[in-house]
Structure formats: structure tokens, C-alpha cells
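Here's the letter readout for the chains.
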Amino acid sequence: MSDLELEMHINGRAVKRRAAPHLRLLDFLRDDLNMTGTKEGCGAGECGTCSVFVDGKLVKSCLMPVGKANGARIETIEGLAPKGGDLTEVQRAFHKTGASQCGYCIPGMVMAATSALRENPDAGIEEIKERLGGNICRCTGYTKIFEAVEIARDVIAGRLSAAALEPDPAGNSFIGNNVRRLDAPSKVSGRLRYAGDMVMPDMLHMQVLRSPHPHARIRVIDVSAAHALPGVACVITAADVPGEDGFGVFVHDQPIMARGIVRYVGEAVAAVAAEDVLTAKEALRLIKVEYDELPAVFDPEDAMKIGAPVLHDYAPTNITKHIPIRKGDVEQGFAEADLIVEDYYETQQVEHAYLEPEAGLAYVDHDDVVTVISPSQNITHHRHMLAKIIDKPINKVRFIMSPVGGGFGGKEDMIYQGMLALAAMKSGRPVRLVYTREESIISTAKRHPARITYKMGLKNDGRITAVEFKMISDGGAYGMSTEGVMRKAAILACGPYDIPNVKIDTIGVYTNNTPSGAFRTFGAMQAQFATESHLDICAEKLGLDPFEIRRRNMMQDGAITHTQQTLGKVSIGTVLDAAETASHWEAGAPGRGESRSDLGGEGTRAPCTLGARFAPAVAKVKKEVA
Amino acid sequence: MLTCDHYLMPTSLEEALMLWRGAPSGSRLVAGATDILPWAREGRAGDVHLPSLIDLSRVKELCGYTVEAGKVRLGANVVYQQFLEDETLRRHLPAMPFCAIWFADDQIRQQATLAGNIVNASPAGDGIPPVIAMNGEIEMARLDGDRIVRRTMRVAEFLRGPGKTALGPDEIVTAIICESMEGYGGSFQKVGQRRSLVISSVCAAAFVKTDPSGEIFEDVRLALGGVGPVPLRLTDIEDMLRGQRITRQLVADAAGLPADRVASRTRRDYRRAVVRGFIEAAIEDALVACGAPQPGPAQREAAHV
Amino acid sequence: MMQRKMRGRGVAASWYGIARTATIDRAGAWAELDDGGTGKIVTGVTEIGEGILTVLAQIAAEELGVRPEDITIGDNDTARSPEAAHAGATRQTYMIGNSVALACRDARTKLDAEIAKVWGVETETIRAFNGEIWSEGSNLRMSMEEAVDLCKKRGIVPVGSGAFTAHGTGLDPVNGTGSPWQAYVFGCQVAEVEVDTVTGEVQVLGIWAAHDVGRAINPRGVEGQIEGGVVQGLGQALMEDYQLDKGHTKTHGFAKYILPTSLDIPQINTTIIEDRDPKSPLGAKGIGEPALVPTAPAIMNAIYDAVGVRIKSLPATPEKILAALAERAMRTKGVAA
């Protein structure tokens, strides 16, 4: 391997270094120069967390071999606002509008916004959106980002006073006040360090060997060659777990690493901690695993059939959890109905796609406390579980929650923290693991997909007399949050409606698919997607306005829910009124489309037709006419 | 993850060809590098180690473009963003800005080259339909002893199938040569699963030139991408329209022709359905771009069955 | 015959429970009125991007009588902070927010008692806001910095602790009877879409989102949660799809797993409804998860309104829309014949 001799100007400073020939500009900045404001979200040019200026042009540094940057002027997020200096207008506008949430996409987004305004200081909103089109944000819905870029543009151009960047006055209370986010300056400047940005002296790098099979018995794992490789500090497998192995939110059915059996493609089988990532990767190739493939099941309905492969001995039917809810008598309810509508709905498996891939750093401190720093959404529960797994008193296990670059439920499971702890204990050194995007996608939980059979009985006036609701969900190979997701889905399935007779069943099932787990709404969106679609079908059949059918059925103050809880005040009526008024909704049954008179009003955007930057002349003419 | 023993950055074509000739087996040429880095990842090629990567972006002969004798010679290092920002290129290659705006994003367009897009020979490569519609040629160079030998061929013939081209093992692509389409209106249609950073499900490029009255199709060029192993030039439709009076009915009739030529192995029904509307829209947009009045919704809809 | 671009509108409503489901949820916090008239808060779980740090600082500032920027929040460490359980379940504002409020009140009680003694007034007359403390109905006033100093000189460190509990009950295993949450929120969203009948592509042009949040501690933050939720809902409605083939993923990276970009974003028009929670000190409920519940069905209902096809299997990709339109055309033809 022949190192490159590199010279470049980074944020105005001359840098002269040797670097490995395969490095990307991103690696050079982050690993060689410890400039971690530039983030890695996908490594494939698809997300924009790594955007930097090279000779004045914004590029994705994960797509640039570092050799290409030799001799160039580089500007990174750290260079926009020099240490101790004022934030730029763009950064201050992001702070003002609340454009940063988890913050992980924000350095790249600030760079893209800066580039947009440098390329065209008068860019209109459509052009701004196009120029931000290479940067994904998973938290904000982009809206506050657009607002920020427009404010920054106008302040820079002098059309808007710089006072627009100042905080709102406090008034007489801080509650109800748009206090600017306290963490925004650290995020818009790239100063905030996420777990993957953290380094410790003497730190090792972990890589994980994953199952290529959906279901197989592990006959033997031979790590001797990997262990013998120079630079490898330790190799760990399930055999290294000193305590009671098993984690999960509701049932502890998942070992830290596969124990005798792999149950899904991507499941961790072994891990290596080495001096650098390349050595750890090489060691993975030296681990010999012999598998006996087992019959696998990929469909939740097949999994419930007699004779289907069983994933976990404790659940011989492969049913992780069945939640039944019964209220009234549905048969009688259907008998009273004027109209019965039956249908079937499906929702897909969805990836959380937080921009920060999983990462963590573990060490054993001077008091023998096993410490794990990671973007965990549940350090309390993780501590409980890990203490049992590594057989330590609970006060000898410490979890520190690093800044979370997006969670949405996806960082509630203790997927990798156990491996880090074991490696830190075995090697006696700090160990860091940073997932690739692909690793994050293949091995972590998804939103439960759902298959929903729906039967609703209604009177001609739209009153619902009965609902029978059945949802089957593929929970994948491990229990994770399936039980809770089934419970929440069941409780909320039939919506905020007063229905005298309901029969609800939600069933979570084990399969050899990627596990499903906690994901923002925890089953509620799948279930209510069916209910709200179904109500519209019924509204059309009855010739009712969709708001009206909902009003005729909505829960009132003191309503009794599907689980027979008595509610106090219920705000659904107020909420329906608010949405109807705000949208200037024209009443009528569904299926009116273009004949409606409420389309295209304020509150809508123009459809996106690419090429906004070609049309400035046209826009100018229009402006002059106006 | 992509690793290599050597990352080489020649500055002249001769040096590049020498390095390429001497490179150990398995070495690769790199232009923008925007495809090779995502390729060497899990789910695609996985971890890849290559002996040498020869980066052509600093080869001076491959940079820039010339316009001469009705032809535009685009050096292999011309990147997509130039089609958006360079006034001369916009004038001579009038579909390319619309193609470029759909290609990846502003940042990737700063690195990604048209030549690289063609050499990758993806059935969905956005840059290929407009190039074949412009009777594009590809120029390649190799060393014969110490002498640089060049050859050119039609891009349409250069592409042999998904990922397959006529590029020889010792050759380097030096230029893409297109007819100047000055005076034509250009357009580009594309649909994918969203509107930025997206691979085409179907795309279509059109160039239209009208006679001075604006009523006759003087020339029409049409090509489709994403519809088979290689992009498709629609010469029969071009012939059908050339010299004819421009009517909505004629355009609609022409648009009905190509659906059965969609030969993709996947999503064929979808692609066939889209193609018809795309041909129509491509011609309409190109007409507007060369000065025809923007059709109102009623006119548009009249032809759209 | 159909126009190329067709618009329509749809609506969907939703409800959601706040904090952990069908169980007793709990969280704890510590507070200290610190030197310089600043505040120090310690609690076990905080920011995952939703803005809770700022919300907690606002709550602490309000309760302690200082400014949000004077608050330091030490958190996120099982060895250094009290349990606050997990960051999820739309429980942060409700559970941690109320714990922090209670902890701050506890600290203030101690400070107020000392200051009242110094001033010779009833403790109940003491008020504080924005770094100042005073006795209502008098001209007795000093800065919080002075008040903390004075309190400490009298031997009292004004510290407090607080814990908040939400009482849910488990569900009956046979008929599901139970009271899973003590606070519920409701929402409703209207979507306006444009469907391209040539490509099947759907653009969502507008979303009107009305959500009850109990009490908006930071209205802009609430909007941010709603906007983010809507766009995640839009992603699931139209493009996101994790695909497996015999257990092997076909969507390894973001080139295949398609997420919404800046060009897919509707104008989002938020209406915040504040129906205060009667069972908690602050009256706030939550918004994180409920924001995305009604989005996908509102969009599907709008697609139906626009072009008369109902997509019952998410996501509504261009391909699915065109196939449904073709099927509908066949059906209509059949009826006509």
C-alpha cells in the first residue's frame, strides 16, 4: 500500500499529511483530522450528512477519494463559524426556526443551504428545495429548514432585518413561548459529538460477523485464526457471556450474539475488537462458522400453521403475543346494521432511517464499572438487562446516553451494547463500534407490517353498530417490542369512536424475517390506517361527508372506550372542527376530486416541476407585472 | 468498503494510458468515483480490494469541451453540473439541462461525468437517451506501442447490454461527441420513486425542430431509457413526424407506437403504460422549448386519452 | 378520458395514549437553585431530537424563576441521575416534564421560605420570574443570584426532587378491559394531493394538521414534531418499503430504501389544540407519535377522492396507482358494455 502525500487548505489552514490511498475525504476529515462535524449517514452519497465544499463546490465527501481533494481548498461545517466566532446567518436562522431536531443531518443541511445561497443569493423557495434535494432529514419534515433558509437569504440580502434572527421576547411566561432550542448552536456548528464521533485513548474498533442464513444451527465457530491475527485484541461469541444471556423489551428471547441458532439474516454471530477497522474486518474473514441450515418461515400466517418451523421453544405456535379486546356483542351489532362493509388492508415493514447509524463506545472504568456510551433510548432498562447478562451488580453497570441522532423507537433495543461491553471486559480497553448504514438496515428492528381484516356494521345514518378487527403482524425473529405493539394497536385500533360492539384481535408472530420492533406510534398507525380508510369507504357508500361520518361516531365527554375505560373530557370534536375550518373543507362524499371547489387554495404548495433555476426570468417578469 | 494498494492521478492522457497498460489485473479507472464507492458496499459488491485505482479527473486532455463543425466534443471529464450552468452547452445540447436537473443531486453532479454514466451502461442511465438522440459518439484511446490510437463509435453501438460495452481492456474513454442541436427544443421526462436522488423507472428525451412557420416538424429526435437492456432510439416515430404538420392528434398517434417495445424484465406493464404519456409529454415540452406556445390544460387533455 | 393531473382531498382522524401503556409509568428528577441564580436539573433520560431539553429548561426556568438559558441539564447517565425510564411512548413532556416541575417546586419551596423569613413576609407571597424574585404586594425584590447567595449564607442549599406517576392499568387477558392511560390526545389531518395519471406519481401539496397536545410548552417545537411526523407518515404512505426475499433484504441502503426528500414535502398547516390534562401539574400531554397516525390514511383517502382508486396496501407507489387506474378503467369499460 502506498500512502498519498496530501496538501490542502482546510478552513483556511494549510494541512500536510500522509494518508492511506483508499481513504475518502470523509475518512480523512473525521479519522485523520478528528474533524467530526462532517457526519457519515450512509456512505453511498444518498443522504448528504457529509457535504463539504471542495474548491467552492459542494460535494459529498463520502463519494470523494481523498486523492481528489489533494491541493484543494476544503471548507467544512467547522469552518463556517470559526471557534469563538459568530454563527453565520444560515446557522442563526436554523437556530431561530427550530430547524434542527436530532441534529445529525444538520451540518450537511447547513452546508447545502449555504451552498444554495452562495450559488444564487436570490433563489426562490422551489430552487432552494431543489438545491437541498441531496440532503435527507428524518426528523423535521424539512419545513422549518425551508423557513430558515428563506430567512437567512433575506437577511443576507438586506431585505429583512437581522433582528429576525433574534429570539422571540419572553413575555410573562416561558411556557408557551417559542424559546429557541438550547442544543441548536452545538448542532448547527457541528460541535456536538455523537457516539461515533467519540474517541478514547487506546481505543479498539469492533466489527461484527453476521448470519448469512435466515435459520440455521451453528455447528461450530472457530475463532482461532482470527484471534491469532496481529492487531486483534479479542474475538467474542456467545460463549463469552458470563451471566444469563437474553434481552428484549417484553421477553428476553434474544442473545447478545447468536447462541447455537441463527434466526434471521444479519443476526450477530461473533465480533472482533482490533486496532483498526481494516484489521477487524480481516479477522472476520478468518472466523470459520459451520452452519446446518434449518427450515425457515417468512410469512406470519404460514408460521402459525401446524408443522411450521418453530423459532423459540417457549412459543410452539410461533405466536409472540395475542391481544384480544371484547366489548358488547358484535354478532348482535352486525344484525342491527343496515350496511356491512368488509375489507382487507396491508402495511409494509418500514425502516426508522435515523440519519445516525448505531454506534457505541464501551470501557471498564477504574472502579470496575462496565460503562457503555451509546444513543440508547432506554438506558434504564439496558442497565437492568446488561447487569444480568454480564453477571454484575447493577451499580457496576453504567449506561450513558450519547446524543441521539434520531431514534423513533429504533434505538430502544439493546442490539449491540452487549457486544461492546463483553469486548471491553475481555480486552480491558475501550472499544468502539460504528454501524454502516447497510448494517443498520439489515440487523435492526423495523415497523411491524400488518395484515388487517376489517368488518364494520353501520346504520344508514352512519352510526357504527359493530366492528370486527383482526390484525396479524410479522414480528420477525425476536420478540423485542412486539407484545407492546400488539397491545397498543389493539387498544387504539377502532379509533376515537364510540362503538357499542367490538371484537379486536392483534396477533404478533415470529418468523425468520428481520425483527420488527418499536417504531413511532407502536402499532397505532397500522391499525388506524385501516379504520380511517374503512370509514371513508363507508362514508361514500352512505353518501356522507367524511367529517360527518366521523362526527356521528366520535367519542363524547365521558365516553367509554373499547377497553371500557371511562374518559373525562374528549377533544376529538374540537380537533375535527379545527381541521375542517383550517382547510376550508367543502362538504360532500368522497370521490369528488377535481369537481371540488376547495382545491389549490392557500395552504397548498405548487406541484414540484424540476428546473426552478431555469425560470428566474419568468418569475421576474411575473413579479414586475404584479 | 473499497480499499486499494495505489491511488494514482495522472495528469496527461499518455501517462494515464501508460499507467492503465501497466496496472495489475483487477485495477480500475475512476472518473467521478460516485458509482464505484457505493458499489463497494454490503448488499452490492461488499468489501472490494483493488490493486490500483487510476483517477482520470486531472487528465488535462479529458477536461473541457469544444464546439466545432456542428459537433460538440465533450471531454470525458465533463460533469453533469456543467450542463446546467454552462450557457454554451445549454444552447447546443438543449435537453441536457433537463436531464441533468433530474440526475442525482447538485452535489453528485459536481463529480459525476456523462462519460462515466455511459461507460457504466446502466439500462436506467439518465444521460444515455439524450446522447443517443443526438447521434452521440464515444471516443476511446489506447496505446499502440508508444503511440496513442483513438477510435470512435456510435454510443448506441457501444452499449451492449446492462453493464456491457465495447470498451477494450486497454482503452480509456476520452470524449463524447454529439451533434449540436442548436435551434432545437429539448426536453427530458423521468419518473422514479421520488423527485431527487432517484433512479429512473422510465425516462425519455426529445429534441424537436420546427420549420420557420412553427407549424411543421422539421426534425424530431426521441429516445427512451429504463425500458430494456439498453436505451432505445425511436427512429420510426421520428420518421413518422418529420416533415409533418404539427397536430395534437399526430403526436398522440405517434405516442401510441412504442409501448410494445418495452422489454424490461421487471415492471413491464408499468413501464409500457408510462411510455405513451412520456413520448407525448416529451414532444410537447420540446415544442414549447423551441418556441411553441405552452399548451393549455384543455389542449393537453384533449390529446391525452 | 381523464386529465393528466388530478387533485383530491382526504381526511383522517386519530387518537393516542400518553406515556407507557397499561402499566404504571414513573419518572424522577432532581433540581437545584444554583450559584449565580442559575438552575441545575438532573434526570435520567432526555433528548432524542424532539426538543425535550429545551422544554425541560422552559419548565425549570418557569418554576425556578430564572431564564431557560440559565438552566443546566445533567442527564443521560444511569450512574449519576435518577431513573426517568425511556425516551419514547410520547412520555417525555408528560413524565419528565412534570417530574422536573415538581422537583423545581420542591427546591423553590426551600428558597422561598428563607427569603420570606428575611423579608418578614408570608411564603405564599413570594414570586419569581426571569431571574428576579419578589414579594407580591410589596416593593421587596432582588435578583435570583442574590436570593440563592442569601439562602446559602443562611445554611440552606435550595435543592429539590420530584417524581411523577401516570396510573395506567393492565388489560384483562380475556376481554381486554382496562384503563391503559390517564391522558389521551386526538388529532385530525386533511391531505390534498395531485395524482399524475401518466406516471402514477402522487404529490402531496397540502396537509392541515390539527392536534390536541394538552398544552404547548414550546409551540414551535410542537409544530416541528407535527411536521416531522407528517413527513414520516407521507414516506410510509407513498414510498418507503423494506423488502425481504426469503429473509434477505432487497433494500440494503438509501438507494433502494426510498425516503422523502425536500422535493416531496407538502405545505404543512398546523393547528394546535390545547385541552389541558387535568391529572398533571403542567396540563401538557404530548405529540411525538400521534402526529403521524392520520397522515397515511388521509393521503389514501385523498388519492381516492382524486382518481377513484383506493390503495389498501401501503405504500401507494406510482406503479400501484397506475395498475389500480388500469383495473378501474377495465371495470368501467365492462360496466359500460
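Residues numbered from 1 in each chain as written. Chains lettered and ligands numbered in written order. Predicted model: local features only at pLDDT ≥ 70, side-chain atom pairs only at ≥ 80, totals over all residues.

**As for the overall build of chain A**
Step number 1: When helices and strands are counted, chain A shows 19 helices and 22 strands.
Step number 2: Oriented by its inertia axes, the alpha-carbon framework of chain A measures out at about 80 × 75 × 45 Å.
Step number 3: Looking at chain A alone, contacts between residues at least 24 apart form 75% of all its contacts between residues at least 6 apart. (Helix = DSSP H or I, 4+ residues; strand = E, 2+ residues; numbered from the N terminus. Contact = placed C-beta atoms within 7 Å.)

**Structural notes on the nonpolar core**
Step number 1: The biggest cluster of nonpolar side chains holds 421 residues, and the ones touching the most others in it are Met206 and Met419 of chain A together with Ile303 of chain C.
Step number 2: For Met206 of chain A, the contacting residues outside a window of four places in its chain are Ala271, Val272, Ala273, Ala280, Met419, Leu420, Ala423, Val431, Arg432 and Leu433 of chain A. (Core = buried A, V, L, I, M, F, W, Y, C linked by C-beta atoms within 7 Å. Buried ≥ 20, exposed ≤ 12 C-beta atoms within 10 Å, placed from the backbone.)

**A few points about the interface of chain B and chain A**
Step number 1: Taken together, the contact pairs 30 residues of chain B with 32 residues of chain A.
Step number 2: For the side of chain B that touches chain A, the secondary structure elements donating two or more residues are strand S1 (2-8), helix H2 (36-39) and helix H5 (96-102) of chain B.
Step number 3: Counting residues per element, the side of chain B that touches chain A draws most heavily on S1 of chain B, which supplies 6 residues.
Step number 4: Across the side of chain B that touches chain A, the residue classes tally to 13 nonpolar, 9 polar and 8 charged. (Nonpolar A, V, L, I, M, F, W, Y, C, P; charged D, E, K, R; others polar.)

**Some words on the sheet that holds strand S5 (residues 126-129) of chain C**
Residues and elements named next belong to chain C.
Step number 1: Reading across from one edge, S5-S6-S7 is the order of the 3 strands in this open sheet, with antiparallel pairing throughout. Unpaired on one side and paired on the other, S5 and strand S7 (141-143) mark the two borders of the sheet. Averaged over all pairs of adjacent strands, the angle between strand axes in this sheet comes to 20°, irrespective of strand direction.
Step number 2: Bridge count between S5 and strand S6 (residues 132-135): 4 bridges; the pairing is antiparallel. Counterpart to Ile126 in the pairing with S6 is Ser135. (Pairing = 2+ DSSP bridges. Axes fitted to C-alpha atoms, helices over the stretch in contact; angles between N-to-C directions.)

**Description of the pairing of strand S4 (residues 65-68) of chain B**
Residues and elements named next belong to chain B.
Step number 1: In the sheet, S4 pairs with strand S5 (residues 71-75) via 4 bridges, with the strands oriented antiparallel. Each residue of the ladder has a partner; that of Tyr65, found in S5, is Leu74.
Step number 2: The loop that links S4 with its antiparallel partner S5 comprises 2 residues; one of these, Ala69, has a positive phi angle of about 50°.

**What about the interface of chain C and chain A?**
Step number 1: With 121 residues of chain C in contact, the opposing surface of chain A contributes 127 residues.
Step number 2: For the side of chain C that touches chain A, the elements supplying multiple residues, two or more each, are strand S1 (5-17), helix H1 (52-64), strand S9 (184-196), strand S10 (202-212), helix H4 (219-238), strand S12 (248-249), strand S13 (267-273) and helix H5 (295-307) of chain C.

**Observations regarding the packing of helix H3 (residues 89-97) of chain A against helix H4 (residues 106-119) of chain A**
Residue and element names in this part refer to chain A.
Step number 1: The geometry of H3 relative to H4 is characterised by a closest axis approach of 9 Å and an angle of 125° between their N-to-C directions. The angle between H3 and H4 falls in the class oblique. Like other packed secondary-structure pairs, H3 and H4 cross with a definite hand, here right-handed. For the pair formed by H3 and H4, the contact residues are Val90, Gln91 and Phe94 on the first element and Ile106, Val110, Ala113, Thr114 and Leu117 on the second.
Step number 2: Taken together, the residues of the contact of H3 with H4 break down into 6 nonpolar, 2 polar and no charged. (Parallel < 35°, antiparallel > 145°, perpendicular 65-115°, else oblique. Left-handed = near helix turned anticlockwise from the far one by under 90°.)

**Focus: the packing of helix H16 (residues 524-542) of chain A against helix H17 (residues 546-553) of chain A**
Two measures define how a pair of helices packs: the angle their axes make with one another and the distance between the axes.
Residues and elements named next belong to chain A.
Step number 1: Packing of H16 against H17 leaves a shortest axis separation of 9 Å and a crossing angle of 105°. Taken together, the axis directions place H16 and H17 in an arrangement best described as roughly perpendicular. Residues Leu535, Asp536, Cys538, Ala539 and Leu542 of H16 lie in contact with H17, whose contacting residues are Pro546, Ile549 and Arg550.

**Digging into helix H1 (residues 25-32) of chain A**
All names here are of chain A.
Step number 1: Counting buried positions along H1 yields 6 of 8 residues, so the element is predominantly enclosed.
Step number 2: Here H1 has its buried residues at Leu25, Leu26, Asp27, Phe28, Leu29 and Arg30.
Step number 3: Buried-residue contacts for H1 involve strand S2 (13-19).
Step number 4: Looking one or two places after H1, you find Asn34, whose phi comes out positive at around 60°.

**Some points on the environment of Arg326 of chain A**
Step number 1: Within the secondary structure, Arg326 of chain A sits in strand S12 (residues 319-327).
Step number 2: When the C-alpha atoms of Arg326 of chain A and Asn501 of chain A are compared, they prove to be 7.7 Å apart, with 175 residues separating the residues in sequence.

**Considering the sheet that holds strand S3 (residues 48-55) of chain B**
Residue and element names in this part refer to chain B.
Step number 1: The strand order across the open sheet built from 3 strands is S1-S3-S2, with neighbouring strands paired in parallel fashion. Strands with a single pairing partner mark the edges of an open sheet, and in this sheet they are S1 and strand S2 (28-30). When strand polarity is set aside, the average angle formed by the axes of neighbouring strands in this sheet is 40°.
Step number 2: Relative to S3, S2 runs parallel, the two being bridged by 3 bridges. Counted as the bridge partner of Val30 is Asp55 from S3.

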